[in-house]
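# Structural features, examined
Okay, here's what each chain looks like letter by letter:
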Amino acid sequence: MPIKPIIIICAHNEEAWIGKTMDLVGEMRIKIPVIVVNDGSQDKTAEIAREKGAYVVSFPQNRGKANAFFAGLRAAVKQGATSVLTLDADMLRLDRPVMLQMIRLVEDATAQRKKHMAVAAMQELIDMGKEKIPLAEGTYYSGLRAFSLPAIHSLLVHRHKKLVRGFALEDFLNREFEIKQRTELTHTLFVQRSPFASPAAHAREAKDIKRFDEKWGRVILNFKRRREGLPKIKPSHRKRMK
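Keep in mind it's a predicted model, so treat the numbers as computed, not measured.

Enumeration according to the criterion identifies 5 aromatic pairs in this entry. Judged by centre distance (6.4 Å) and plane angle (65 degrees), the ring pair of Phe-70 and Phe-172 falls under edge-to-face. Taken as a pair, Phe-70 in helix α3 (residues 65-78) and Phe-172 in helix α6 (residues 169-176) lie far apart in primary sequence, 102 residues in all. The buried category is assigned to Phe-172, whose relative accessible area is 0%. Ring plane angle 50 degrees and centroid distance 5.9 Å describe the contact between Phe-147 and Phe-177, whose orientation is recorded as tilted.

Structure below.
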């Protein structure tokens, strides 16, 4: 069966960066279709992405990164994808050999009908006034991920995916894939603009993650209680028990 990897880019008000990211993708040795999920942008993100050759899925209003991600997966499946690779919309440098390695890893898993995720580390370019300094990041919150087709299907039917909001997406993905189901690539040359330029953005990210952690913890607790024949704990009950 011929392979068909598809790149997914979730974007919200990224008109200043989406064109550059699309140009970087266009410089790869092989031609890979790109789906840009326009998450309720109020600027020209969708128009620029379309001009650069992307298939654009648009939300009428901002619904958050997690919803954009799942919409991108659904669109990729409809287009016959055998794997997907996700990129952030504000990339400054792509590590093409690593991207091809990620695609090979998940395409091999697709051929073997295995659920697998590959995730690559990146650097964020932090603005320090007169100079910009690359800050090394790990893989935990990286948006540079690739998924086999069985992994895509498992995510789309996941019973708890509605718990995921905004920036808690990576947290959810890390919990969903066991160590043996993922490959982490730490020595890479990816560089991204620092996406959190304000304290408010940092606070929003932390809030999304905290909310998801609380909901996920309740799911695990109720699973254990069900096995013990005990009733579920609702959010209000949980608060009273603290």
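Anyway, onward from the coordinates.
A contiguous patch of positive charge on the surface is contributed by Arg-63, Arg-74, Lys-78, Lys-162 and Arg-165. Along the chain, the position of Lys-162 falls in the loop between α5 (149-156) and α6. A relative accessible area of 68% means that Lys-162 is categorised as exposed.

A separate point is the sheet that holds strand β4 (residues 83-88). Across the sheet, which stays open at both edges, the 7 strands sit in the order β3-β2-β1-β4-β9-β6-β10 with mixed pairing between neighbours. Only two strands of the sheet have a single neighbouring strand rather than two, namely β3 (55-59) and β10 (182-185). Taken pair by pair, the neighbouring strands of this sheet meet at an average axis angle of 20 degrees, ignoring direction. Pairing analysis gives 4 bridges linking β4 to strand β9 (residues 145-148), with the strands arranged antiparallel. Residue pairing in the sheet places Leu-85 in a bridge with Ala-146 of β9. Against the sheet, α5 engages β4 and β9, with an angle of about 95 degrees to β9.

Rules behind the numbers
- Residues numbered from 1 in each chain as written.
- Predicted model: local features only at pLDDT ≥ 70, side-chain atom pairs only at ≥ 80, totals over all residues.
- Heavy atoms only, no water.
- Phe/Tyr/Trp six-rings, centres within 6.5 Å; stacked < 30°, edge-to-face > 60°.
- Helix = DSSP H or I, 4+ residues; strand = E, 2+ residues; numbered from the N terminus.
- Buried < 20%, exposed > 50% of the residue type's maximum accessible area, 1.4 Å probe, protein only.
- Patch = residues over 30% accessible without salt bridge, like charges linked within 9 Å, V, L, I, M, F, W, Y side chains within 5 Å.
- Areas by Shrake-Rupley, 256 points an atom, 1.4 Å probe, with all protein chains shown as cover.
- Salt bridge = Lys/Arg side-chain N within 4 Å of Asp/Glu carboxyl O.
- Lys, Arg positive; Asp, Glu negative; His and termini not counted.
- Charge placed at Lys NZ, Arg CZ, Asp CG, Glu CD.
- Pairing = 2+ DSSP bridges.
- Axes fitted to C-alpha atoms, helices over the stretch in contact; angles between N-to-C directions.
- Contact = heavy atoms within 4.5 Å.

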